[in-house]
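Fold and geometry: a report
The primary structure of each chain is shown beneath.
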Amino acid sequence: MPLVSVIIPTRNRSSLLERALKSVTAQTYKDWEIIIIDDASSDGTENAVSVFQNGIIRYIRLSERKGGAVARNTGIKEAKGEFIAFLDDDDEWLPEKLEKQMNVILRDNSIALCYTGRQIKKEGNNFFGFSKKYSFHLPASDDHFKSIMTDNFVGPSSSVLIKKEVLDSAGGFDENLPCYQDYELFIRILRNGKAYGINEGLVNYYIGREEHVSLARENVIKAEGYLTKKYSNELYFPLLKKALKRINRMKMLKSFGYAKEVLKG
């Protein structure tokens with residue numbers, strides 16, 4: 001059985017999915033399986049995947065659109081590996097990404113998740129304003145729960161490697177959230193767990209090709225309200241409220257569509 005299960009949720013991005021798949025098959029670490037969860041695509045995604053079918057890729061198609069959280073949770077349930085790595089269909093890994101993370105997580109049993117830096121790549125015309133070329137953050141303190149409530153220092157799900165037992169214990173992604181699902185999962189994991197960051201750009205994180213669900217103002221408002229209720233009794237809840245406000249302001253700088261929606265009121 002493979003030691004690592006790579007979960008790739010996808011919907012109507014067959015051309016981009018090929019890039020993501022190639023970045024997994026090019027990994028220097030080879031003990032993995034790929035699980036593709038097709039969220040009811042209508043663009044021939046299954047045909048694109050069939051080119052790569054060689055026994056190490058499992059393709060699962062959802063009969064109707066369920067969203068990223070359901071797709072990822074489906075992949076977690078199907079995973080055979082002891083460790084789970086997520087890759088969005090529009091991102092790609094550098095060849096040594098999994099090898100370097102496995103070297104870290106196998107030598108320290110206290111690490112619940114391992115994340116890396118991201119090289120940020122602009123595509124299309126939807127992104128504007130301030131943009132880094134590289135992103136990596138360490139937790140603000142040794143209290144990783146307090147740090148994640150203050151800021152999502154881990155980053156997007158494409159950079160993380162997580163123990164499957166940790167994901168199962170946490171309950172996977174919250175399917176009630178329209179966005180911020182990865183951030184909220186990290187909050188639950190780091191309530192009792194520890195994160196380890198590798199300060200190298202081992203993920204190419206693409207932005208600006210199209211507007212994402214997380215950049216829809218209605219979804220942001222719903223998610224903020226939901227998280228406010230869910231974590232209102234936590235000790236570090238005031239820190240989370242500030243973090244969400246800060247993240248929302250940054251979204252205005254990143255998305256034409258989101259900025260227009262905010263300005264319309």
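Located above this text is the structure these notes cover.
Residues numbered from 1 in each chain as written. Predicted model: local features only at pLDDT ≥ 70, side-chain atom pairs only at ≥ 80, totals over all residues. Heavy atoms only, no water.

What to know about the overall build of the chain
When its secondary structure is counted, the chain shows ten helices and nine strands. Evaluated residue by residue, the chain yields a buried proportion of 53% over its 265 residues. A sequence separation of at least 24 residues applies to 77% of the contacts in the chain between residues at least 6 apart. As presented, the chain carries roughly 12,400 Å² of accessible surface, and 49% of it is formed by carbon and sulfur atoms. (Helix = DSSP H or I, 4+ residues; strand = E, 2+ residues; numbered from the N terminus. Buried < 20%, exposed > 50% of the residue type's maximum accessible area, 1.4 Å probe, protein only. Contact = heavy atoms within 4.5 Å. Areas by Shrake-Rupley, 256 points an atom, 1.4 Å probe, with all protein chains shown as cover.)

Description of the nonpolar core
One broad rule of soluble globular proteins: the nonpolar side chains tend to lie buried together. Core analysis: the largest hydrophobic core is formed by 46 residues, its most contacted members being Phe86, Leu113, Ile148, Val154, Ile162 and Ile189. Take this core: its biggest share by element is six residues, from helix H7 (residues 181-190). The contact partners of Val154, leaving out residues within four places of it in the chain, are Leu113, Tyr115, Arg118, Ile148, Ser159, Val160, Phe186 and Leu190. Formed by 30 residues, the second largest nonpolar core is a distinct cluster that contains Val6, Ile36, Ile57 and Trp93. (Core = buried A, V, L, I, M, F, W, Y, C linked by side-chain atoms within 4.5 Å.)

A few points about the pattern of salt bridges
Evaluated as defined, the whole model comprises 19 salt bridges. Across the pair Arg246 and Asp151 runs a salt bridge, and its minimum N-O distance is 3.7 Å. Placement of Arg246 in helix H9 (residues 237-254) and of Asp151 in the loop between helix H5 (144-150) and strand S8 (161-163) is noted, with a sequence separation of 95 residues between them. Arg246 sits in the partly exposed class, given a relative accessible area of 31%. For Asp151, a relative accessible area of 27% puts it in the partly exposed group. Glu184 serves as the salt-bridge partner of Arg188, at 2.7 Å between the closest nitrogen and oxygen. With Arg188 and Glu184 both in helix H7 and four residues apart, this pair spans about one turn of that helix. By relative accessible area, Glu184 is classed as buried at 0%. Taken together, the shared-partner salt bridges connect Asp174, Glu184, Arg188 and Lys230 into one network. (Salt bridge = Lys/Arg side-chain N within 4 Å of Asp/Glu carboxyl O.)

Brief notes about the pairing of strand S4 (residues 83-86)
The side-chain alternation of S4 yields two buried faces, one formed by Phe83 and Ala85 and the other by Ile84 and Phe86. Both strand S1 (residues 4-10) and S4 contribute to a ladder of four bridges, which runs parallel. Looking at S4, one finds that Val4 is bridged to Phe83. (Pairing = 2+ DSSP bridges.)

A closer look at helix H3 (residues 68-78)
Taken residue by residue, H3 has Ala69, Val70, Ala71, Arg72, Asn73, Gly75 and Ile76 as its buried positions. The inward-facing, buried residues of H3 contact S1, strand S2 (32-38), S4, helix H6 (164-170) and H7.

Structural notes on the packing of aromatic side chains
Here the structure, examined in full by the defined rule, presents four aromatic pairs. Seen from their ring centres, Tyr115 and Phe153 are 5.8 Å apart, and the 65° between their planes marks the pair as edge-to-face. Placement of Tyr115 in strand S6 (residues 111-122) and of Phe153 in the loop between H5 and S8 is noted, with a sequence separation of 38 residues between them. For Tyr115, a relative accessible area of 0% corresponds to the buried category. Three or more aromatic residues link up through ring pairs in this structure, and these residues are Tyr115, Phe136 and Phe153. The ring of Phe173 carries Arg72 above its face, with NZ or CZ at 5.6 Å from the centroid. The ring centre of Trp93 lies 4.2 Å from the NZ or CZ of Lys97, which sits over that ring. (Phe/Tyr/Trp six-rings, centres within 6.5 Å; stacked < 30°, edge-to-face > 60°. Lys NZ or Arg CZ within 6 Å of the ring centre and 35° of its normal.)

Looking at the environment of Ile56
By the secondary structure assignment, Ile56 is in the loop between helix H2 (45-50) and strand S3 (57-61). When the C-alpha positions of Ile56 and Ser5 are compared, they lie 9.9 Å apart, and in sequence the two are 51 residues distant. Not counting residues within four places of it along the chain, the set of residues in contact with Ile56 comprises Trp32, Glu33 and Ile34.

Some details on helix H8 (residues 217-230)
Compared with the 20 Å implied by 1.5 Å per residue over 14 residues, the 20 Å span of H8 between its first and last C-alpha is a close match. Inspection of H8 places Asn219, Val220, Ala223, Glu224 and Leu227 among the buried residues, and these make up the whole buried set. The buried residues of H8 occupy an angular sector of 135° when the element is viewed end-on, so they sit on one face. More than 90 degrees from the buried face of H8, the exposed residues found are Glu218 and Lys229. (Expected span 1.5 Å × (residues − 1). Arc of directions from axis to C-beta.)

Thoughts on the environment of Ser50
In this fold, Ser50 is placed in helix H2. Accessibility expressed as a relative area gives 42% for Ser50, which makes it partly exposed.

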